[in-house]
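Below, each chain spelled out in residue letters.
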Amino acid sequence: MLQPKRTKYRKQHRGKIRGSRVAGSKIVFGDFALKSLDAGWITARQIEAGRKAIVGHVQRGGQVWIRVFPDKPVSARAAETRMGGGKGATEFWVSPVNQGRIIFEIGDLPEDIAREALRLASHKFSLNTKVVSRSEQF
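What comes next concerns the included structure. Computed from a predicted structure; not experimentally measured.

## A short note on the overall build of the protein
At step 1: Within the protein, the regular secondary structure consists of two helices and seven strands.
At step 2: Of the regular secondary structure in the protein, the N- to C-terminal order runs β-β-α-β-β-β-β-α-β.
At step 3: Along the first, second and third principal axes, the C-alpha set of the protein runs to 55 × 30 × 25 Å.
At step 4: Residue burial in the protein is summarised as follows: out of 138 residues, 38% are buried.
At step 5: Pairs at least 24 residues apart make up 82% of the contacts formed inside the protein by residues separated by at least 6 positions.
At step 6: Total accessible area on the protein is roughly 8,900 Å²; 48% of this is exposed by carbon and sulfur atoms.
At step 7: Of the charged side chains in the protein, 26 are positive and 12 negative; the average position of the first set lies 12 Å away from that of the second.

Written out as structure tokens, the structure reads:
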């Protein structure tokens, strides 16, 4: 799964995701992309599940680009633990995603196969997404 090799700090605040995305909202590499319609967190497990769904459907064809990286640690305490004792250990990694952010891109494939692969990947996320093409984005 994706996670940073090293970080400056082990734990981070949760933060707030505000506004829509300007950077990372255009298709750069491929012909079709999966775009987020909501703001939220995408976990490293969800990214990997989406990638596997795409690769499994296209069967060694085309190219896939992952445009998000989970670099935010989320900590959690054990259930039924008393108050105090500090913040819990890192449980998983997430990528904060704004509205309009491109998550995956696909290139070198026919349109029907690319759209179906991205549709399968969209079921792996807790956010609403849509499939966009390079010609639709402008």
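## Description of helix H2 (residues 111-122)
At step 1: Between its first and last C-alpha, H2 extends 16 Å over 12 residues, near the 16 Å set by a 1.5 Å rise per residue.
At step 2: Along H2, the residues that are buried comprise Ala114, Ala117, Leu118, Ala121 and Ser122. When H2 is viewed along its axis, its buried side chains cluster within an angular range of 140 degrees and face the same direction.
At step 3: Here the buried face of H2 lies against strand S1 (32-36), helix H1 (44-58), strand S6 (102-107) and strand S7 (129-133).

Procedures and definitions
Per-chain numbering applies: the sequence of each chain, read as written, is numbered from 1 onward. Thresholds applied to this predicted model are a pLDDT of at least 70 for local features of residues and 80 or more for the giving and counting of side-chain atom pairs; totals over whole chains, interfaces and linings are not thresholded and use all residues. Note: side-chain values were computed over all heavy atoms of the structure, leaving out hydrogens and water. Helix and strand definitions follow DSSP, with helices as H or I runs of at least four residues and strands as E runs of at least two, each counted in order from the N terminus. Throughout this description, buried means an accessible area under 20% of the type-specific maximum (1.4 Å probe, protein chains only), exposed means over 50%, and partly exposed covers the range between. Note on contacts: a residue pair is in contact if any heavy atoms of the two residues lie within 4.5 Å. Note on areas: Shrake-Rupley, 1.4 Å probe, and residue coverage restricted to the protein chains presented here. Neither His nor the chain ends contribute to the count of charged residues, in which Lys and Arg are positive and Asp and Glu negative. Taken as the charge centre is NZ of Lys, CZ of Arg, CG of Asp or CD of Glu, depending on the residue. Expected span of a helix, by definition, is 1.5 Å for each gap between consecutive residues, and there is one gap fewer than residues. Summarising the geometry, the arc corresponds to the directions from the helix axis toward the C-beta atoms.

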